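Results of the structural survey
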Amino acid sequence: MSALPQSVLAAVVLVAVAGLFRLSTLKQLWRSDRQEFVVAVAAFVGVLTFGLLRGVMIGAVISLVQLAHASSHPHVALLGRIPGTRRFSDRDRHPDNEVIPRVMIFRPESSLVYFNIDNVCDLILSRILIEVTPPALVVVDLSAAPRVDLQSAHTLAALANELTAKGIRFQAVEPRSSVRDRLRQEAIDSKLGGVDRFTTVADVTDHFLSANNAPLAA
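Notes on the structure follow.

Calculation criteria
Residues numbered from 1 in each chain as written. Predicted model: local features only at pLDDT ≥ 70, side-chain atom pairs only at ≥ 80, totals over all residues. Heavy atoms only, no water. Helix = DSSP H or I, 4+ residues; strand = E, 2+ residues; numbered from the N terminus. Rg over C-alpha atoms; globule rule 2.2 N^0.38 Å. Buried < 20%, exposed > 50% of the residue type's maximum accessible area, 1.4 Å probe, protein only. Contact = heavy atoms within 4.5 Å. Areas by Shrake-Rupley, 256 points an atom, 1.4 Å probe, with all protein chains shown as cover. Pairing = 2+ DSSP bridges. Axes fitted to C-alpha atoms, helices over the stretch in contact; angles between N-to-C directions. Salt bridge = Lys/Arg side-chain N within 4 Å of Asp/Glu carboxyl O. Polar contact = N/O pair within 3.5 Å; in protein donor to acceptor, adjacent residues only side chain to side chain. Expected span 1.5 Å × (residues − 1). Arc of directions from axis to C-beta. Parallel < 35°, antiparallel > 145°, perpendicular 65-115°, else oblique. Left-handed = near helix turned anticlockwise from the far one by under 90°. Nonpolar A, V, L, I, M, F, W, Y, C, P; charged D, E, K, R; others polar.

As a further point, take the overall build of the protein. Across its full length, the protein carries 8 helices and 5 strands. Secondary structure elements of the protein occur, N-terminal to C-terminal, as α-α-α-α-β-β-β-α-β-α-β-α-α. In terms of overall size, the protein is more extended than a compact globule, its C-alpha atoms giving a radius of gyration of 25 Å where 218 residues would be expected to give roughly 17 Å. Expressed as a percentage of its 218 residues, the buried residues of the protein come to 34%. Sequence-distant contacts, at least 24 apart, represent 68% of the contacts inside the protein between residues at least 6 apart. When the accessible surface of the protein is summed, it comes to about 12900 Å², and 59% of that surface belongs to carbon and sulfur atoms.

Here is the structure:
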């Protein structure tokens with residue numbers, strides 16, 4: 001190989017790399033997931049520029065940064081009732097969902113841990129404050145939170161206390177068994193309206209509507 005001209009060796013390398021580079025895959029990533037596209041391009045450029053190991057490390061580091069950011073800023077869905085059902089889903093994705101009068105329903109779609117709970121609570125408070133008519137009831141659906149750590153449990157209790165001081169009832173519903181155990185161990189389940197494995201979002205909203213004789217708003 002040492003007797004070959006550098007141009008020939010370069011051509012061999014380019015042919016080998018071309019087999020690993022799929023433009024169609026990059027186009028698909030660009031359309032479907034921009035974050036993965038950034039990782040793929042960064043890793044590819046890093047391999048060509050700094051070598052295989054460093055290029056892969058660049059891609060891995062960028063992936064970890066993206067993961068940390070996504071974990072610390074989880075999506076919190078504002079729910080509405082799916083028409084004709086007792087089920088609820090994200091109002092931003094489904095604008096035709098029915099709004100429950102004077103009720104706001106939130107669903108954090110991630111485990112609640114020390115590095116994201118403040119962002120979750122701040123988002124909930126900001127959505128409440130922009131309402132023209134303040135809600136009388138705030139429901140937090142914990143069904144999509146497989147884990148709640150110690151700090152998050154107490155931060156949720158502090159959020160409940162803050163809303164209660166404003167005259168807004170707070171109710172947590174549908175926590176998983178491990179989450180129920182955590183809230184009960186910390187003796188804060190009562191601050192969250194009481195938690196059990198029976199009460200659903202629909203149960204809470206139906207009880208609120210019947211107690212206040214409120215019609216369902218579309």
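Each strand in a sheet pairs with its neighbour through backbone hydrogen bonds, running either in the same direction (parallel) or in the opposite one (antiparallel). Strand order across the open sheet formed by 5 strands is E2-E1-E3-E4-E5, with mixed pairing between neighbours. Two strands close off the open sheet at either side, each with one partner strand: strand E2 (88–90) and strand E5 (169–173). On average, adjacent strands in this sheet sit at an angle of 30 degrees to one another, irrespective of strand direction. As paired elements, strand E1 (residues 76–81) and strand E3 (residues 103–108) share 4 bridges and run antiparallel to each other. In the sheet register, Leu79 faces E3, and the bridge partner there is Ile105.

On to the pattern of salt bridges. Applying the stated criterion to the full structure yields 6 salt bridges. Its salt-bridge partner being Glu98, residue Arg81 comes within 3.9 Å of it at the nearest N-O pair. Here Arg81, found in strand E1, pairs with Glu98, found in the loop between E2 and E3; they are 17 residues apart in sequence, far enough to count as distant. Each member of the pair, Arg81 as well as Glu98, is classed as buried.

A few words now on the side chain of Thr205. When you line up the elements, Thr205 lands in helix H8 (residues 201–212). Separated by 3.0 Å, the side chain of Thr205 and the backbone oxygen of Ala202 make a polar contact. Aside from chain neighbours lying at most four places away, what touches Thr205 is Arg81, Phe88, Ile100, Val103 and Ile105.

Taking 1.5 Å of rise per residue, 12 residues should cover 16 Å, and H8 covers 17 Å from first to last C-alpha, within 8% of that figure. All buried positions along H8 are accounted for by Val201, Ala202, Val204, Thr205, Phe208 and Leu209. The buried side chains of H8 occupy one side of the element, clustering within an arc of 165 degrees when seen end-on. For H8, the exposed residues set more than 90 degrees away from the buried face come down to His207 and Ala211. Taken together, the buried residues of H8 touch E1, E2, E3, strand E4 (137–141) and E5.

Let us look at the environment of Asn97. The residue Asn97 is located in the loop between E2 and E3 in this model. Separated by 112 residues in the primary sequence, Asn97 and Leu209 place their C-alpha atoms 17 Å from one another. Discounting residues that sit within four places of it in the chain, Asn97 has contacts with Gly80, Arg81, Ile82, Pro83, Ser89, Asp90 and Arg91. In terms of polar contacts, Asn97 uses its side chain to reach the side chain of Ser89, at 2.7 Å.

At a closest axis distance of 10 Å, the pairing of helix H5 (residues 117–129) and helix H6 (residues 150–165) adopts a crossing angle of 20 degrees. Classified by the angle their axes make, H5 and H6 are roughly parallel. The handedness of the crossing between H5 and H6 is right-handed. Contacts between H5 and H6 pair Ile117, Asp118, Cys121, Ile124, Leu125 and Ile128 from the former with Ser152, Thr155, Leu156, Leu159, Glu162 and Leu163 from the latter. Residues belonging to the contact of H5 with H6 are distributed by class as follows: 8 nonpolar, 2 polar and 2 charged.

Take the pairing of E1 next. On a regular strand, one side chain projects to one face of the sheet and the next to the other, so that they alternate. The buried count for E1 comes to 6 of 6 residues, which makes it a mostly enclosed element. Of the two faces of E1, the one carrying Val76, Leu78 and Gly80 and the one carrying Ala77, Leu79 and Arg81 are both buried. The sheet contact formed by E1 and E2 spans 3 bridges and is antiparallel. Note that in E2 the partner of Leu79 across the bridge is Asp90. Counting the residues that bridge the hairpin from E1 to E2 gives 6 residues, and of these Gly84 lies at a positive phi of roughly 80 degrees.

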